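Observations on the three-dimensional arrangement
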Amino acid sequence: MANLTLLHTSPSTPFFTTPPTLRPSLLYSTTVATTTTTITPLNILATSTSTTTQPPLSTVAKFGTAGLGGVFGWWVVHPFNTVAVRMNLLGANLAPNEKLPSFFEFAKKSAKTKGISTFYDGIGAGTIRQVFYATSRFGLFEVIRDSLAGGPDQTPTAAIRLGSGLASGGMAAVIACPAEVTLVRTANDQALPKEQRRNYKNFGDAAMRILKEEGILAFWRGVVPFAQRAVVSNILFFFVGVG
């Protein structure tokens, strides 16, 4: 029978050991490794954040999404814009004692006399306008901003956002002005007296007739106020808003 030896590692913690020749640890070599990992919400958040980081959008994607967003938005806004512009023309031709109808009264009368489709006169021109205007306005802003900031992963300063908004707004107005002129012509043609109507068939017909009858410079009539409006709009949207 093996002798047992009593060892004391501390006065209050005794334990028995066997001689080395009979110890199971010498007969069977077993290694057990244990690792304790503490899982906290912060660890989970850090892990998910590091694995879901997306690369910045390409320049093509920036311009493409800007153009699509502008087109879809314009399809919703176009009827209201048509009514508003026609009311402005009507107000300019009213007699001194004649009262301008309200927006809804004017829209109701237009729908009754000309049909619902009249609100979509010039929708093709409006769509093409957004292809040029929205695409260049939003796309150029991001390109200019990222270039001045040193990359898309850099935080732009207030001065950079302001300068990017000014530049992209003015450039977009110059680029889109021909489509803007064609849009106004086609959308407002039906609001003119019959003897003054040009009876444009579509956007292409209107553009070709303007070019032949008035010259290429006619496409940039009103470009200064258009650019001023675009600059102010860009400043409010990008600098004060989401820029």
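Scroll up to find the structure this text is about.
Residues numbered from 1 in each chain as written. Predicted model: local features only at pLDDT ≥ 70, side-chain atom pairs only at ≥ 80, totals over all residues. Heavy atoms only, no water.

**Some points on the pattern of salt bridges**
- Inspection of the entire model under this criterion finds eight salt bridges.
- Among the salt bridges present, the one from Arg 145 reaches Asp 146, with a minimum N-O distance of 3.1 Å.
- On the accessibility criterion, Arg 145 (16% relative accessible area) is buried.
- A salt bridge links Arg 185 to Glu 214; the nearest nitrogen and oxygen atoms lie 2.8 Å apart. Linking Arg 185 in helix H6 (residues 158-188) with Glu 214 in helix H7 (residues 203-214), this pair joins segments that are 29 residues apart in sequence.
- By sharing partners, the salt bridges in this structure join Lys 62, Arg 145 and Asp 146 into a single network. (Salt bridge = Lys/Arg side-chain N within 4 Å of Asp/Glu carboxyl O. Buried < 20%, exposed > 50% of the residue type's maximum accessible area, 1.4 Å probe, protein only. Helix = DSSP H or I, 4+ residues; strand = E, 2+ residues; numbered from the N terminus.)

**Focus on the nonpolar core**
- By size, the foremost hydrophobic cluster in this structure holds 16 residues, and its most contacted members are Tyr 133, Ala 173, Cys 177, Ile 210 and Phe 226.
- Only H6, H7 and helix H8 (223-242) provide two or more residues apiece to this core.
- Ranked by size, the runner-up nonpolar core spans five residues in total, among them Val 83, Met 87, Phe 106 and Phe 119. (Core = buried A, V, L, I, M, F, W, Y, C linked by side-chain atoms within 4.5 Å.)

**Details of the packing of helix H3 (residues 59-92) against helix H5 (residues 123-149)**
- At their nearest, the axes of H3 and H5 sit 7 Å apart, and the two run at 140 degrees to each other. Classed by the angle they form, the pair H3 and H5 counts as oblique. Relative to H5, H3 is oriented so that their crossing is right-handed.
- Taken together, the residues of the contact of H3 with H5 break down into 11 nonpolar, 10 polar and four charged. (Axes fitted to C-alpha atoms, helices over the stretch in contact; angles between N-to-C directions. Parallel < 35°, antiparallel > 145°, perpendicular 65-115°, else oblique. Left-handed = near helix turned anticlockwise from the far one by under 90°. Nonpolar A, V, L, I, M, F, W, Y, C, P; charged D, E, K, R; others polar.)

That is the geometry; function is a separate question.
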